[in-house]
Amino acid sequence: MRWRTPFLATLVVALVAASAGPAAAASASPRLSYLNPGGQPRLTEKVPVNVVFVGYSPKRTDFLAGLAKKYEPVVRSRLTYGVTEKLGITYTYDYKLKYTDKSYQDAFFKQLGKLSTPAPLTAYQQAYNDQANNVLDVTSNNYIDAPTVEKWLAFHPPSGVDTRRNTIYFINWFGRSDFKFHVYTKTGEPDPDTGYDFGKNRDSRKLIAWGGTTADDEETGLGATRRVWFHDLSAGPESWTSNYDVDNADVDGDGVPDYRMPPSWEYTKNGYRDPSQLAGDLSKITRYVALNLLMTTSPLYPVELPGNALPKSINVDSNTYEGWPGVDASQQYIKPALVTEELSELRWRNRLSEDQQDLPYTAENQACYLGELADESCYPDSGYPSFANLYLYTRDHLAGVLDGKADYEVPVFNYAVGEGIGVPALGYADDDWATGDQSYVFSFISPEVVASGYGLTTTQIHEVGHHLGMSHPHDGYDSATGVDYGPSGDFLFANAGDENNSMMSYIDLNWDFSQFDRDNSDRFLTAAYWEAANRVAATVPKGKGYTSLKVADALLALSSKAFAAHDYRAAYTLAEKAYYSVAAIPGAGTAKVTTQLKAEAKAARANTAIHDPHEFIDTLTPDSPRSQP
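Quick summary incoming for the structure in this document. (Residues numbered from 1 in each chain as written. Predicted model: local features only at pLDDT ≥ 70, side-chain atom pairs only at ≥ 80, totals over all residues. Heavy atoms only, no water.)

### Looking at the environment of Asp254
Part 1 of the argument: Relative to the assigned elements, Asp254 resides in the loop between strand 9 (228–232) and helix 9 (278–295).
Part 2 of the argument: Put simply, Asp254 and Ser488 are 234 residues apart on the chain and 8.7 Å apart in space, counted from C-alpha to C-alpha. (Helix = DSSP H or I, 4+ residues; strand = E, 2+ residues; numbered from the N terminus.)

Below, the structure is given as structure tokens:
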């Protein structure tokens, strides 16, 4: 359903009029059903999850046994400080399993055959062949364009499957007479600053999964909204999930065995995995990748942003320390229009802008930067670790940097350094080292970073995406167990989540936010505006704002219905209107709420031990998946 403003205004007036009268007008406070002064939102959604098996037939009970019944998102940055902050959202999953028939499979695999282009073996297919325990050798290879396959699946579902709702396709081509060894590709979207096409140039970016493309994606848009992700264990073997390695239990060298899903032909007697484990493995991918990391995620940071009020305008305040001799990095490696264009896809109800300035790269600043690289604190008496150097330096030198031209400014600090100096990461979106609120965004560039294919533009989009609340599609939270996990040990297979059309991925094949990102952001913001309306409503003087409170209550009723009907944009819009209805009441304490939140943060800062919450650093270390050739 699409909500139109005239209809909305008429309906709200009707709802308020129906509940108001002479007696009601004299009441000290209105009776409210959805607005809950001082409380949390009560948003619920029965989430349809289509799981389509193409070439598989896992036992239904075995597959469903590993799935969660519901999910409650939390603010992940708070978990580091021992706080489980729920958003007030509860998802219950409605699983619909579809086993495709021979006719559908024949049509689909015929299409894959047509799309196949002969190609040399990837380095990782050859590495698989070189294993001691592989059950067969990959004898040939074909490239298949991943976006084309996603589009075919989106618009050619089996009967009874609505791909406008979350749909997971599990594909197995192996075992058919028309099978071809293959990998999927995504090319044609190079880094906007360097022109380097990761999908074309690197075997590590050859895929076994893809999806999440929006209707209006500039390069591979579907043309209509669909929510599809496919996963094919008969593709590859590949680098990203390390499923080419069937010899070594610990592939990342951290001393812990790493769980991953091998190629489909390895599910056999004397293979890497017993055939009886296939249903459970596909269930793990559904739960811990498709649902927890893509379709119904938890935000990394609070999406309401720290500040005086929920903002209507957001400015990316980009500041560059120009320490790369002879290079104007801000001019050469940042495209501000692209940064705001991509972020606007995510925060579509905000006015976004970016401004830039260069800052002096002083001796003090350099000492803190180099100390972070060398694990030496430049604030030794603070009790903070060396990785807080740039946070502490920025905190102490923030005066005069932000210009106050928007409701909220994202403080971004870029470090451009010369050859051989090194960088601590591609970037990271720091927190405040006290409460889990977001603080400053840091991005890094050097000759070595550029040689690896990266400028600053895409790093800024990614890191500001974090600042605005978005998590990676390879790390997340499982609410049923309370476990926050990343791609290592029992969850190494979570790297499969990166194989989707999301700016928040590490796989560097696109610079857009996925349909899943957009859905989740709209859900998070619905909850944020609802909770803000509740907080401000608690400050309204007794007997004041009767009509405005009833209007807000009616708007939240509509928001709740839109949310339950999966119309997240409408739900977000209506919750925002409810907030502004309450905030406009004379005497409503929006400033009081802000003061209260700041006091809570100050108390937490005084009573919380210093943590090191930086598992979200966007690394470019040699052992990182994105550093592989």
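After that view of the structure, there is still more to cover.
### As for the sheet that holds strand 5 (residues 142–145)
Part 1 of the argument: An order of 4-5-7 is seen for the three strands of this open sheet, with the pairing classed as mixed. Every interior strand has two partners, whereas the edge strands, strand 4 (117–118) and strand 7 (183–185), have only one.
Part 2 of the argument: Alignment of strand 5 against strand 7, held across three bridges, turns out to be parallel. Note that in strand 7 the partner of Tyr143 across the bridge is Val183.
Part 3 of the argument: Taken strand by strand, helix 7 (residues 146–155) contacts strand 5 and strand 7, and its axis lies near 55° from that of strand 5. (Pairing = 2+ DSSP bridges. Contact = heavy atoms within 4.5 Å. Axes fitted to C-alpha atoms, helices over the stretch in contact; angles between N-to-C directions.)

### So, a nonpolar patch on the surface
Part 1 of the argument: Together, Leu370, Leu373 and Ile421 give the surface a local cluster of nonpolar side chains, amounting to about 220 Å² of exposed area.
Part 2 of the argument: Checked against the element boundaries, Leu370 lands in helix 12 (residues 363–374). (Patch = residues over 30% accessible without salt bridge, like charges linked within 9 Å, V, L, I, M, F, W, Y side chains within 5 Å. Areas by Shrake-Rupley, 256 points an atom, 1.4 Å probe, with all protein chains shown as cover. Salt bridge = Lys/Arg side-chain N within 4 Å of Asp/Glu carboxyl O.)

### Section: helix 11 (residues 336–346)
Part 1 of the argument: Considered for burial, the residues of helix 11 that qualify are Leu338, Val339, Thr340, Glu342, Leu343, Glu345 and Leu346.
Part 2 of the argument: Those residues of helix 11 hidden inside the fold are in contact with strand 10 (313–323), strand 11 (351–359), helix 15 (457–467), helix 16 (515–537) and helix 18 (568–583). (Buried < 20%, exposed > 50% of the residue type's maximum accessible area, 1.4 Å probe, protein only.)

### A short note on helix 9
Part 1 of the argument: The end-to-end C-alpha distance of helix 9, which contains 18 residues, comes to just 22 Å, noticeably less than the 26 Å that a straight helix rising 1.5 Å per residue would cover.
Part 2 of the argument: A maximum bend of about 30° is found in helix 9 at Thr286. (Expected span 1.5 Å × (residues − 1). Bend = angle between axes of the 7 residues up to and from the residue.)

### Quick word on the side chain of Asp197
Part 1 of the argument: Residue position: Asp197 is located in the loop between strand 7 and helix 8 (198–201).
Part 2 of the argument: Setting aside residues no more than four positions away along its own chain, Asp197 makes contact with Thr187, Gly188, Glu189 and Pro190.

### Points about the layout of surface pockets
Part 1 of the argument: Considered as a void within the structure, the second largest pocket measures approximately 780 Å³ in volume.
Part 2 of the argument: Grouping the constituent residues of the lining of the second largest pocket by class yields 11 nonpolar, 13 polar and eight charged. (1 Å grid on protein atoms, 1.4 Å probe; cavity = no way out; pocket = protein on both sides within 12 Å on 5 of 7 lines; lining within 4 Å. Points joined across faces, edges and corners; volume = space filled by probe spheres on them. Nonpolar A, V, L, I, M, F, W, Y, C, P; charged D, E, K, R; others polar.)

### A look at the pattern of salt bridges
Part 1 of the argument: All chains considered together, the criterion is met by 22 salt bridges.
Part 2 of the argument: Among the salt bridges present, the one from Asp519 reaches Arg227, with a minimum N-O distance of 2.6 Å. Taken together, the residues Asp519 in helix 16 and Arg227 in the loop between strand 8 (209–211) and strand 9 connect sequence positions 292 residues apart.
Part 3 of the argument: Salt bridges linked by common partners bring Lys102, Asp106, Arg176 and Asp178 together as one network.

### Brief notes about the state of the cysteines
Part 1 of the argument: Counting across every chain of the model gives one disulfide.
Part 2 of the argument: A sulfur-sulfur distance of 2.1 Å marks the disulfide that ties Cys368 to Cys378. Taking the torsion about the S-S bond as the criterion, the Cys368 to Cys378 disulfide, at about 105°, is right-handed. Of the two residues, Cys368 sits in helix 12 while Cys378 sits in the loop between helix 12 and helix 13 (389–396), which places them 10 residues apart along the sequence.
Part 3 of the argument: Classification of Cys368 as buried rests on a relative accessible area of 2%. (Disulfide = S-S within 2.5 Å.)

### Digging into the environment of Tyr124
Part 1 of the argument: Assignment of secondary structure puts Tyr124 in helix 6 (residues 123–129).
Part 2 of the argument: Given the relative accessible area of 9%, Tyr124 is considered buried.
Part 3 of the argument: A C-alpha to C-alpha distance of 15 Å links Tyr124 and Asn248, two positions 124 residues apart in sequence.

### Comments concerning the packing of aromatic side chains
Part 1 of the argument: Taken as a whole and judged by the stated rule, the model has 51 aromatic pairs.
Part 2 of the argument: Ring geometry for Tyr321 against Tyr393: centres 6.5 Å apart, planes inclined by 70°, an arrangement best described as edge-to-face. Linking Tyr321 in strand 10 with Tyr393 in helix 13, this pair joins segments that are 72 residues apart in sequence.
Part 3 of the argument: The class for Tyr321 is buried, based on a relative accessible area of 4%.
Part 4 of the argument: The buried category is assigned to Tyr393, whose relative accessible area is 4%.
Part 5 of the argument: For the pair Tyr428 and Phe444, a centre-to-centre distance of 5.9 Å together with 35° between the ring planes defines the contact as tilted. One end of the pair, Tyr428, is in strand 13 (residues 427–431); the other, Phe444, is in strand 14 (residues 438–445), and 16 residues separate them in sequence. (Phe/Tyr/Trp six-rings, centres within 6.5 Å; stacked < 30°, edge-to-face > 60°.)

### Section: unusual backbone geometry
Part 1 of the argument: Residue Pro237 is reached from Gly236 by a cis peptide bond, and omega for that bond is 0°.
Part 2 of the argument: Topologically, Pro237 is positioned in the loop between strand 9 and helix 9.
Part 3 of the argument: With a phi close to 60°, Ser242 is a non-glycine residue in the positive phi region.
Part 4 of the argument: Relative to the helices and strands, Ser242 is located in the loop between strand 9 and helix 9.
Part 5 of the argument: Relative accessible area serves as the criterion here: at 15%, Ser242 is assigned to the buried category.
Part 6 of the argument: The backbone phi angle of His566 is positive, close to 70°, even though this residue is not glycine.
Part 7 of the argument: Among the structural elements, His566 can be located in the loop between helix 17 (546–564) and helix 18.

### Considering the nonpolar core
Part 1 of the argument: In this structure, Phe108, Leu153, Trp229 and Val582 are the most contacted members of the largest nonpolar core, which totals 120 residues.
Part 2 of the argument: For this core, the element with the most residues is helix 16, which contributes 11 residues.
Part 3 of the argument: In contact with Val582, other than residues within four places in its own chain, are Leu35, Ala533, Val536, Ala537, Val540, Leu549, Ala552 and Ala588.
Part 4 of the argument: Core analysis: the next-biggest nonpolar cluster, separate from the first, contains 25 residues, Ala388, Tyr393, Phe413 and Trp433 among them. (Core = buried A, V, L, I, M, F, W, Y, C linked by side-chain atoms within 4.5 Å.)

Scope: geometric values only; no functional claims are made or implied.
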